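Chain by chain, the residues run as shown.
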Amino acid sequence: MFILILAAGIGFFVRNMLRLRGAIHLGVAQDTTDHPKVRLLRMLRLALGQGKMGVRPVAGILHLFVYIGFIIINIEVLEILIDGIFGTHRVLHFLGGFYNLLIGSFEVLALLVLIGVTVFYVRRNILKITRFQKKELQGRPRRDANMILYAEAVMMTLFLVMNACDLLLQERGVTPYVQAGAFPISQWLSPLFASLSSPTLILIERGAWWGHILGILAFLNYLYYSKHLHILLAFPYTYFASIKPKGAMDNLPTVTREVQLMLGTIEDTGEGEETTPTFGASDIMHLSRVQLLAAYACTECGRCTDECPANQTGKLLSPRKIMMDTRHRTQEVAENIRHNKGTFVPDQKALLGDYITPEELWACTTCAACVEACPMEISPLSIIVEMRRYIVMEQSAAPASLNKMMTQMENTSSPWGYNPAERETVLNE
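What you see is a predicted model; the values in this text were computed from it and never measured. (Residues numbered from 1 in each chain as written. Predicted model: local features only at pLDDT ≥ 70, side-chain atom pairs only at ≥ 80, totals over all residues. Heavy atoms only, no water.)

A word on the side chain of Asp-283
Structurally, the position occupied by Asp-283 is in the loop between α9 (253-263) and α10 (289-297). Residue classification places Asp-283 among the buried positions, given a relative accessible area of 6%. With residues near it in sequence (within four places) discarded, Asp-283 still touches Arg-329, Lys-349, Ala-350 and Leu-351. (Helix = DSSP H or I, 4+ residues; strand = E, 2+ residues; numbered from the N terminus. Buried < 20%, exposed > 50% of the residue type's maximum accessible area, 1.4 Å probe, protein only. Contact = heavy atoms within 4.5 Å.)

Written as C-alpha coordinates, this is what we have:
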(Lines give C-alpha, C1' and ligand atoms only; values in the text may rest on other atoms or scores of the structure.)
Protein backbone atom coordinates (compact mmCIF):
# COMPACT_ATOMS: atom_id res chain seq x y z
CA MET A 1 0.00 0.00 0.00
CA PHE A 2 2.80 2.40 0.90
CA ILE A 3 4.63 1.74 -2.38
CA LEU A 4 1.44 2.31 -4.39
CA ILE A 5 0.69 5.59 -2.60
CA LEU A 6 4.30 6.73 -2.96
CA ALA A 7 4.32 5.88 -6.68
CA ALA A 8 1.03 7.74 -7.20
CA GLY A 9 2.28 10.80 -5.31
CA ILE A 10 5.52 10.95 -7.27
CA GLY A 11 3.70 10.25 -10.54
CA PHE A 12 1.28 13.16 -10.08
CA PHE A 13 4.18 15.40 -9.06
CA VAL A 14 6.12 14.53 -12.24
CA ARG A 15 2.98 15.17 -14.32
CA ASN A 16 2.54 18.58 -12.72
CA MET A 17 6.18 19.50 -13.27
CA LEU A 18 5.90 18.54 -16.95
CA ARG A 19 2.82 20.76 -17.23
CA LEU A 20 4.75 23.56 -15.56
CA ARG A 21 7.65 23.11 -17.97
CA GLY A 22 5.23 23.24 -20.91
CA ALA A 23 3.66 26.46 -19.61
CA ILE A 24 7.03 28.17 -19.16
CA HIS A 25 8.10 27.04 -22.62
CA LEU A 26 5.24 29.05 -24.11
CA GLY A 27 7.62 31.98 -23.78
CA VAL A 28 10.44 32.98 -26.12
CA ALA A 29 13.72 31.14 -25.59
CA GLN A 30 16.73 33.18 -24.47
CA ASP A 31 20.43 32.45 -24.29
CA THR A 32 21.23 32.21 -20.57
CA THR A 33 24.50 30.30 -20.83
CA ASP A 34 26.78 33.30 -20.26
CA HIS A 35 28.74 33.90 -17.03
CA PRO A 36 27.87 30.58 -15.36
CA LYS A 37 29.99 31.36 -12.29
CA VAL A 38 28.22 34.68 -11.68
CA ARG A 39 24.86 32.98 -12.09
CA LEU A 40 25.76 30.14 -9.75
CA LEU A 41 27.01 32.50 -7.05
CA ARG A 42 23.82 34.55 -7.26
CA MET A 43 21.70 31.41 -6.94
CA LEU A 44 23.66 30.31 -3.87
CA ARG A 45 23.35 33.78 -2.33
CA LEU A 46 19.67 34.47 -3.01
CA ALA A 47 17.98 31.06 -3.20
CA LEU A 48 20.05 28.81 -0.97
CA GLY A 49 21.53 31.42 1.37
CA GLN A 50 18.38 33.59 1.66
CA GLY A 51 20.74 36.55 1.24
CA LYS A 52 18.08 39.30 1.04
CA MET A 53 15.56 37.99 3.57
CA GLY A 54 17.35 39.72 6.45
CA VAL A 55 16.46 43.18 5.13
CA ARG A 56 13.27 42.85 7.20
CA PRO A 57 14.62 41.07 10.31
CA VAL A 58 11.39 39.76 11.88
CA ALA A 59 10.06 38.16 8.71
CA GLY A 60 13.59 37.16 7.69
CA ILE A 61 14.41 35.25 10.88
CA LEU A 62 11.02 33.52 10.99
CA HIS A 63 11.28 32.57 7.32
CA LEU A 64 14.75 31.17 8.00
CA PHE A 65 13.31 28.93 10.74
CA VAL A 66 10.63 27.64 8.39
CA TYR A 67 13.06 27.29 5.48
CA ILE A 68 15.75 25.40 7.40
CA GLY A 69 13.15 23.35 9.22
CA PHE A 70 11.45 22.40 5.96
CA ILE A 71 14.73 21.25 4.41
CA ILE A 72 16.33 19.49 7.38
CA ILE A 73 13.24 17.86 8.84
CA ASN A 74 12.58 16.29 5.47
CA ILE A 75 15.85 14.40 5.85
CA GLU A 76 13.78 12.39 8.32
CA VAL A 77 11.48 11.52 5.40
CA LEU A 78 14.29 9.29 4.10
CA GLU A 79 13.85 7.04 7.12
CA ILE A 80 10.05 7.09 6.72
CA LEU A 81 10.43 6.02 3.08
CA ILE A 82 12.73 3.11 3.97
CA ASP A 83 10.49 2.02 6.84
CA GLY A 84 7.41 2.26 4.66
CA ILE A 85 8.87 0.21 1.81
CA PHE A 86 10.53 -2.51 3.90
CA GLY A 87 8.20 -2.60 6.90
CA THR A 88 10.94 -1.66 9.39
CA HIS A 89 10.80 0.85 12.25
CA ARG A 90 13.44 3.53 12.82
CA VAL A 91 15.79 1.70 10.51
CA LEU A 92 18.55 4.29 11.00
CA HIS A 93 18.73 3.82 14.77
CA PHE A 94 22.04 1.97 14.32
CA LEU A 95 23.66 5.40 13.96
CA GLY A 96 23.49 5.62 17.76
CA GLY A 97 24.39 9.00 19.24
CA PHE A 98 24.33 10.71 15.86
CA TYR A 99 20.78 9.44 15.32
CA ASN A 100 19.76 10.84 18.69
CA LEU A 101 21.28 14.19 17.72
CA LEU A 102 19.39 14.18 14.42
CA ILE A 103 15.99 13.40 15.95
CA GLY A 104 16.56 15.97 18.70
CA SER A 105 17.50 18.61 16.11
CA PHE A 106 14.44 17.75 14.03
CA GLU A 107 12.20 18.28 17.04
CA VAL A 108 13.69 21.66 17.89
CA LEU A 109 13.29 22.75 14.28
CA ALA A 110 9.72 21.46 14.24
CA LEU A 111 8.96 23.69 17.21
CA LEU A 112 10.60 26.68 15.51
CA VAL A 113 8.53 26.01 12.38
CA LEU A 114 5.36 25.96 14.50
CA ILE A 115 6.35 29.28 16.07
CA GLY A 116 7.16 30.73 12.65
CA VAL A 117 3.90 29.75 10.96
CA THR A 118 1.90 30.95 13.97
CA VAL A 119 3.50 34.39 13.82
CA PHE A 120 3.02 34.49 10.03
CA TYR A 121 -0.67 33.67 10.50
CA VAL A 122 -1.05 36.40 13.12
CA ARG A 123 0.71 38.96 10.90
CA ARG A 124 -1.50 38.12 7.91
CA ASN A 125 -4.88 37.70 9.58
CA ILE A 126 -4.88 39.47 12.94
CA LEU A 127 -2.32 42.28 12.78
CA LYS A 128 -3.22 42.63 9.08
CA ILE A 129 0.12 43.94 7.85
CA THR A 130 -0.63 46.44 5.06
CA ARG A 131 1.15 44.61 2.24
CA PHE A 132 -1.02 41.52 2.86
CA GLN A 133 -4.27 43.47 2.53
CA LYS A 134 -3.94 44.64 -1.08
CA LYS A 135 -6.77 43.96 -3.52
CA GLU A 136 -4.88 41.33 -5.52
CA LEU A 137 -4.49 39.13 -2.42
CA GLN A 138 -8.20 38.83 -1.68
CA GLY A 139 -9.96 35.53 -2.29
CA ARG A 140 -7.94 32.53 -3.44
CA PRO A 141 -4.44 34.02 -2.85
CA ARG A 142 -5.33 34.65 0.81
CA ARG A 143 -6.80 31.16 1.20
CA ASP A 144 -3.74 29.65 -0.48
CA ALA A 145 -1.33 31.39 1.91
CA ASN A 146 -3.35 30.34 4.97
CA MET A 147 -3.75 26.78 3.68
CA ILE A 148 0.01 26.37 3.48
CA LEU A 149 0.40 27.69 7.02
CA TYR A 150 -2.21 25.19 8.24
CA ALA A 151 -0.51 22.34 6.37
CA GLU A 152 2.93 23.13 7.79
CA ALA A 153 1.52 23.39 11.32
CA VAL A 154 -0.34 20.07 10.97
CA MET A 155 2.71 18.22 9.58
CA MET A 156 4.97 19.46 12.36
CA THR A 157 2.35 18.58 14.98
CA LEU A 158 1.96 15.08 13.54
CA PHE A 159 5.74 14.65 13.67
CA LEU A 160 5.87 15.59 17.36
CA VAL A 161 2.81 13.48 18.27
CA MET A 162 4.33 10.49 16.47
CA ASN A 163 7.52 10.86 18.50
CA ALA A 164 5.65 11.39 21.79
CA CYS A 165 3.76 8.11 21.35
CA ASP A 166 6.90 6.37 20.09
CA LEU A 167 8.73 7.44 23.27
CA LEU A 168 6.02 5.94 25.50
CA LEU A 169 6.02 2.69 23.54
CA GLN A 170 9.82 2.52 23.82
CA GLU A 171 9.59 2.96 27.59
CA ARG A 172 7.02 0.16 27.78
CA GLY A 173 9.26 -2.16 25.74
CA VAL A 174 6.64 -2.75 23.04
CA THR A 175 8.02 -4.45 19.89
CA PRO A 176 9.32 -3.15 17.45
CA TYR A 177 9.76 0.22 19.22
CA VAL A 178 13.51 0.07 19.86
CA GLN A 179 15.27 2.44 22.22
CA ALA A 180 16.38 5.12 19.80
CA GLY A 181 16.19 8.87 19.36
CA ALA A 182 16.24 11.94 21.58
CA PHE A 183 12.95 13.77 22.15
CA PRO A 184 13.58 17.19 23.73
CA ILE A 185 10.19 18.59 22.61
CA SER A 186 7.84 15.62 22.29
CA GLN A 187 8.79 14.37 25.78
CA TRP A 188 6.67 17.21 27.10
CA LEU A 189 3.74 15.99 24.99
CA SER A 190 4.01 12.33 26.06
CA PRO A 191 2.18 12.84 29.41
CA LEU A 192 -0.92 13.73 27.37
CA PHE A 193 -0.96 10.15 26.04
CA ALA A 194 0.46 8.30 29.08
CA SER A 195 -2.93 7.01 30.27
CA LEU A 196 -3.70 5.32 26.97
CA SER A 197 -3.20 1.61 26.34
CA SER A 198 -0.34 0.39 24.17
CA PRO A 199 -2.63 -0.64 21.25
CA THR A 200 -4.17 2.84 21.30
CA LEU A 201 -0.72 4.43 21.36
CA ILE A 202 0.32 2.30 18.38
CA LEU A 203 -2.79 3.41 16.54
CA ILE A 204 -2.06 7.09 17.20
CA GLU A 205 1.65 6.71 16.38
CA ARG A 206 0.91 4.88 13.11
CA GLY A 207 -1.84 7.38 12.26
CA ALA A 208 0.58 10.29 12.79
CA TRP A 209 3.24 8.45 10.75
CA TRP A 210 0.83 7.96 7.83
CA GLY A 211 -0.52 11.49 8.19
CA HIS A 212 2.98 12.96 8.04
CA ILE A 213 4.05 11.17 4.85
CA LEU A 214 0.65 11.62 3.16
CA GLY A 215 0.80 15.32 4.09
CA ILE A 216 4.20 15.64 2.46
CA LEU A 217 3.02 13.95 -0.75
CA ALA A 218 -0.13 16.10 -0.81
CA PHE A 219 1.93 19.26 -0.22
CA LEU A 220 4.30 18.26 -3.01
CA ASN A 221 1.41 18.00 -5.47
CA TYR A 222 -0.33 21.13 -4.24
CA LEU A 223 2.77 23.19 -5.05
CA TYR A 224 1.79 23.35 -8.73
CA TYR A 225 -1.39 25.24 -7.81
CA SER A 226 0.21 27.42 -5.15
CA LYS A 227 2.47 30.43 -4.80
CA HIS A 228 4.78 28.12 -2.88
CA LEU A 229 6.28 26.93 -6.16
CA HIS A 230 9.06 29.34 -5.18
CA ILE A 231 10.36 26.54 -2.93
CA LEU A 232 11.44 24.78 -6.12
CA LEU A 233 11.68 27.57 -8.69
CA ALA A 234 13.78 30.04 -6.67
CA PHE A 235 16.85 28.07 -7.70
CA PRO A 236 16.39 27.96 -11.50
CA TYR A 237 15.04 31.52 -11.61
CA THR A 238 17.95 33.08 -9.73
CA TYR A 239 20.32 31.17 -12.01
CA PHE A 240 18.70 31.99 -15.38
CA ALA A 241 17.55 35.57 -14.69
CA SER A 242 19.34 38.48 -16.35
CA ILE A 243 22.65 39.41 -14.78
CA LYS A 244 22.55 42.96 -16.12
CA PRO A 245 22.17 45.87 -13.67
CA LYS A 246 18.64 46.04 -12.27
CA GLY A 247 17.60 49.11 -14.25
CA ALA A 248 19.15 48.03 -17.54
CA MET A 249 16.76 47.63 -20.47
CA ASP A 250 17.30 45.40 -23.48
CA ASN A 251 17.35 47.02 -26.89
CA LEU A 252 15.20 45.48 -29.59
CA PRO A 253 17.58 43.88 -32.15
CA THR A 254 15.39 44.95 -35.10
CA VAL A 255 15.30 48.57 -33.99
CA THR A 256 19.02 48.54 -33.22
CA ARG A 257 19.74 47.30 -36.74
CA GLU A 258 17.56 50.01 -38.31
CA VAL A 259 19.33 52.72 -36.31
CA GLN A 260 22.73 51.35 -37.27
CA LEU A 261 21.71 51.32 -40.94
CA MET A 262 20.48 54.90 -40.66
CA LEU A 263 23.73 56.02 -39.03
CA GLY A 264 25.81 54.09 -41.53
CA THR A 265 27.64 52.04 -38.90
CA ILE A 266 26.67 48.82 -40.70
CA GLU A 267 25.92 48.00 -44.32
CA ASP A 268 22.66 46.62 -45.63
CA THR A 269 23.47 43.15 -46.94
CA GLY A 270 19.92 42.54 -48.02
CA GLU A 271 19.37 39.95 -45.28
CA GLY A 272 16.28 41.39 -43.65
CA GLU A 273 13.81 39.80 -41.31
CA GLU A 274 11.91 36.92 -42.91
CA THR A 275 8.81 37.73 -40.86
CA THR A 276 7.53 40.98 -39.44
CA PRO A 277 8.59 41.06 -35.78
CA THR A 278 6.25 41.85 -32.91
CA PHE A 279 7.51 44.79 -30.92
CA GLY A 280 7.01 44.33 -27.19
CA ALA A 281 4.43 42.02 -25.65
CA SER A 282 0.66 41.90 -25.58
CA ASP A 283 0.36 38.33 -24.33
CA ILE A 284 2.48 35.73 -22.61
CA MET A 285 3.71 34.20 -25.91
CA HIS A 286 5.69 37.41 -26.51
CA LEU A 287 7.41 37.29 -23.14
CA SER A 288 10.58 35.31 -22.51
CA ARG A 289 10.70 31.97 -20.73
CA VAL A 290 12.64 33.61 -17.91
CA GLN A 291 9.83 36.14 -17.43
CA LEU A 292 7.25 33.34 -17.25
CA LEU A 293 9.50 31.43 -14.87
CA ALA A 294 9.63 34.58 -12.72
CA ALA A 295 5.82 34.71 -12.62
CA TYR A 296 5.70 31.16 -11.25
CA ALA A 297 8.62 31.78 -8.85
CA CYS A 298 6.99 34.89 -7.32
CA THR A 299 6.27 34.40 -3.60
CA GLU A 300 3.52 37.06 -3.57
CA CYS A 301 5.17 38.54 -0.46
CA GLY A 302 4.34 42.07 -1.63
CA ARG A 303 7.68 43.69 -0.84
CA CYS A 304 7.80 44.99 -4.41
CA THR A 305 4.40 46.69 -4.09
CA ASP A 306 5.32 47.97 -0.63
CA GLU A 307 8.36 49.77 -2.07
CA CYS A 308 6.74 50.95 -5.32
CA PRO A 309 6.52 54.79 -5.33
CA ALA A 310 3.60 54.70 -7.78
CA ASN A 311 1.63 52.40 -5.49
CA GLN A 312 2.53 54.49 -2.43
CA THR A 313 1.01 57.56 -4.07
CA GLY A 314 -2.27 55.82 -4.83
CA LYS A 315 -1.64 54.80 -8.43
CA LEU A 316 -3.25 51.63 -9.75
CA LEU A 317 0.09 49.88 -10.29
CA SER A 318 1.04 46.93 -8.06
CA PRO A 319 4.19 45.07 -9.20
CA ARG A 320 3.01 41.99 -7.32
CA LYS A 321 -0.24 42.03 -9.32
CA ILE A 322 1.78 42.24 -12.57
CA MET A 323 3.49 38.96 -11.67
CA MET A 324 0.29 37.30 -10.45
CA ASP A 325 -1.60 38.32 -13.60
CA THR A 326 1.21 37.01 -15.80
CA ARG A 327 1.08 33.68 -14.01
CA HIS A 328 -2.71 33.43 -14.21
CA ARG A 329 -2.71 34.20 -17.93
CA THR A 330 0.07 31.67 -18.53
CA GLN A 331 -1.92 28.99 -16.73
CA GLU A 332 -5.02 29.90 -18.72
CA VAL A 333 -3.21 29.62 -22.06
CA ALA A 334 -1.52 26.37 -21.02
CA GLU A 335 -4.90 24.88 -20.05
CA ASN A 336 -6.34 26.04 -23.38
CA ILE A 337 -3.57 24.26 -25.28
CA ARG A 338 -3.86 21.11 -23.18
CA HIS A 339 -7.64 20.88 -23.62
CA ASN A 340 -7.28 21.41 -27.38
CA LYS A 341 -4.63 18.72 -27.82
CA GLY A 342 -1.62 20.95 -28.34
CA THR A 343 -3.24 23.80 -30.27
CA PHE A 344 -4.08 27.21 -28.86
CA VAL A 345 -7.64 28.20 -29.68
CA PRO A 346 -7.99 32.02 -29.60
CA ASP A 347 -10.04 33.03 -26.57
CA GLN A 348 -10.40 36.72 -27.42
CA LYS A 349 -8.32 37.65 -24.41
CA ALA A 350 -4.77 38.88 -23.82
CA LEU A 351 -2.50 39.77 -20.93
CA LEU A 352 -2.62 43.41 -22.03
CA GLY A 353 -6.08 44.80 -21.47
CA ASP A 354 -7.85 41.80 -19.95
CA TYR A 355 -5.41 41.31 -17.09
CA ILE A 356 -3.11 44.34 -17.00
CA THR A 357 -4.40 47.76 -18.02
CA PRO A 358 -2.44 50.55 -19.74
CA GLU A 359 -3.14 52.72 -16.68
CA GLU A 360 -1.14 50.33 -14.53
CA LEU A 361 1.72 50.20 -17.03
CA TRP A 362 2.08 53.96 -17.46
CA ALA A 363 2.07 54.52 -13.68
CA CYS A 364 5.48 52.80 -13.49
CA THR A 365 8.46 55.15 -13.07
CA THR A 366 10.96 52.41 -14.08
CA CYS A 367 12.90 53.11 -10.87
CA ALA A 368 13.48 49.34 -10.28
CA ALA A 369 12.61 49.65 -6.58
CA CYS A 370 10.46 46.53 -7.01
CA VAL A 371 13.43 44.52 -8.31
CA GLU A 372 15.65 45.73 -5.49
CA ALA A 373 13.03 44.88 -2.85
CA CYS A 374 12.34 41.34 -4.11
CA PRO A 375 14.17 38.60 -2.14
CA MET A 376 14.82 36.82 -5.47
CA GLU A 377 15.26 40.00 -7.55
CA ILE A 378 12.28 39.15 -9.76
CA SER A 379 11.65 41.93 -12.27
CA PRO A 380 8.05 43.06 -12.85
CA LEU A 381 9.74 46.02 -14.54
CA SER A 382 10.91 43.90 -17.49
CA ILE A 383 7.32 42.81 -18.21
CA ILE A 384 6.01 46.35 -17.83
CA VAL A 385 8.58 47.68 -20.31
CA GLU A 386 7.76 44.99 -22.88
CA MET A 387 4.06 45.76 -22.68
CA ARG A 388 4.62 49.50 -22.94
CA ARG A 389 6.72 48.87 -26.04
CA TYR A 390 3.76 47.05 -27.56
CA ILE A 391 1.43 49.95 -26.79
CA VAL A 392 3.82 52.47 -28.35
CA MET A 393 5.20 50.53 -31.31
CA GLU A 394 2.33 48.24 -32.28
CA GLN A 395 -0.74 50.18 -31.22
CA SER A 396 0.64 53.74 -31.47
CA ALA A 397 -1.37 54.39 -28.33
CA ALA A 398 1.12 56.14 -26.06
CA PRO A 399 -0.29 58.88 -23.79
CA ALA A 400 -0.50 62.32 -25.43
CA SER A 401 2.19 63.78 -23.15
CA LEU A 402 4.60 61.01 -24.13
CA ASN A 403 3.84 61.38 -27.83
CA LYS A 404 4.54 65.09 -27.55
CA MET A 405 7.84 64.46 -25.79
CA MET A 406 8.95 61.90 -28.39
CA THR A 407 8.00 64.23 -31.26
CA GLN A 408 10.01 67.04 -29.71
CA MET A 409 12.97 64.75 -29.16
CA GLU A 410 12.83 63.76 -32.83
CA ASN A 411 12.48 67.34 -34.09
CA THR A 412 14.69 69.30 -31.69
CA SER A 413 16.65 66.67 -29.72
CA SER A 414 15.01 68.14 -26.65
CA PRO A 415 12.02 66.81 -24.67
CA TRP A 416 10.94 70.42 -24.03
CA GLY A 417 10.83 71.37 -27.71
CA TYR A 418 13.57 74.02 -27.69
CA ASN A 419 16.01 73.83 -30.54
CA PRO A 420 19.74 73.95 -29.72
CA ALA A 421 20.07 77.64 -30.60
CA GLU A 422 17.36 78.64 -28.13
CA ARG A 423 18.41 76.54 -25.15
CA GLU A 424 21.02 78.86 -23.70
CA THR A 425 18.58 81.78 -23.85
CA VAL A 426 15.84 79.77 -22.19
CA LEU A 427 18.16 78.55 -19.48
CA ASN A 428 19.41 82.06 -18.75
CA GLU A 429 15.86 83.27 -18.43
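From this point, things continue past the structure.
Notes on the pattern of salt bridges
One pass over the structure, following the stated rule, counts 20 salt bridges. Put simply, Glu-136 and Arg-320 hold a salt bridge, and the shortest N to O gap is 3.1 Å. In this pair, Glu-136 is assigned in the loop between α5 (97-125) and α6 (140-171) and Arg-320 in helix α13 (residues 319-339), connecting sequence segments 184 residues apart. Arg-320 matches Glu-136 in its accessibility class, with the two residues each being buried. (Salt bridge = Lys/Arg side-chain N within 4 Å of Asp/Glu carboxyl O.)

A few points about α13
In a regular helix each residue adds 1.5 Å, so 21 residues correspond to 30 Å; α13 covers 31 Å between its end C-alpha atoms and thus fits that length. Residue Lys-341 follows α13 closely and has a positive phi angle near 55°. (Expected span 1.5 Å × (residues − 1).)

Looking at the nonpolar core
Among the nonpolar cores identified, the biggest contains 94 residues, and Tyr-237, Leu-317 and Ile-378 are the most heavily contacted of them. For this core, the element with the highest residue contribution is α6, accounting for 13 residues. The contacts of Leu-317, once residues within four sequence positions are left out, are Cys-308, Ala-310, Asn-311, Ile-322, Glu-360, Ala-363, Cys-364 and Ile-384. (Core = buried A, V, L, I, M, F, W, Y, C linked by side-chain atoms within 4.5 Å.)

Focus on the UniProt feature "transmembrane region" (unreviewed entry) in the protein
The feature "transmembrane region" (unreviewed entry), as given by UniProt, occupies residues 53-73, 108-126, 147-169 and 207-225 in the numbering adopted here. Within residues 108-126, the helical portion is 95% and the strand portion 0%, while the C-alpha atoms at the span's ends are 26 Å from each other. Structurally, residues 147-169 comprises 100% helix and 0% strand, and the distance from its first C-alpha atom to its last is 33 Å. (UniProt positions renumbered as here; feature names shortened; annotations may be inferred.)

Comments concerning a nonpolar patch on the surface
Together, Val-255, Val-259, Met-262, Leu-263 and Met-393 make up an exposed nonpolar region whose accessible area comes to about 470 Å². Looking at the nonpolar patch element by element, the count peaks at four residues for α9. Within the element layout of this structure, Met-393 appears in helix α17 (residues 380-393). Judged by its relative accessible area of 36%, Met-393 is partly exposed. (Patch = residues over 30% accessible without salt bridge, like charges linked within 9 Å, V, L, I, M, F, W, Y side chains within 5 Å. Areas by Shrake-Rupley, 256 points an atom, 1.4 Å probe, with all protein chains shown as cover.)

Things to note about unusual backbone geometry
Going from Thr-175 to Pro-176, the amide bond is cis rather than trans, its omega being 5°. Inspection of the secondary structure assignment puts Pro-176 in the loop between α6 and α7 (198-222). Look at Ala-368: it is not a glycine, yet its phi comes out positive at around 70°. Within the element layout of this structure, Ala-368 appears in the loop between α15 (358-363) and α16 (369-373).

Focus on the packing of helix α8 (residues 230-240) against α10
Relative orientation of the contacting elements α8 and α10 amounts to 150°, with a least axis distance of 9 Å. If you check the angle between α8 and α10, you find them roughly antiparallel. The way α8 lies across α10 gives a crossing that is left-handed. When α8 is examined against α10, the residues His-230, Leu-233, Pro-236, Tyr-237 and Phe-240 are found in contact with a partner set consisting of Val-290, Leu-293, Ala-294, Tyr-296 and Ala-297. (Axes fitted to C-alpha atoms, helices over the stretch in contact; angles between N-to-C directions. Parallel < 35°, antiparallel > 145°, perpendicular 65-115°, else oblique. Left-handed = near helix turned anticlockwise from the far one by under 90°.)

A word on the environment of Phe-219
Summarising the element assignment, Phe-219 is placed in helix α7. Relative accessible area serves as the criterion here: at 7%, Phe-219 is assigned to the buried category. Taking C-alpha positions, Phe-219 is 7.7 Å from Ala-151, a pair spaced 68 residues apart along the chain. Ignoring anything within four residues of it in the chain, the contact list for Phe-219 reads Phe-70, Ile-148, Met-155 and Ile-231.

A closer look at the side chain of Glu-107
Mapped onto the elements, Glu-107 comes out in helix α5. Despite its burial, Glu-107 pairs with no opposite charge, the nearest such side chain being Arg-90 at 6.6 Å. Other than its neighbours up to four places away in sequence, Glu-107 contacts Phe-159, Leu-160, Asn-163, Ala-182, Phe-183, Pro-184, Ile-185 and Ser-186. (Lys, Arg positive; Asp, Glu negative; His and termini not counted.)

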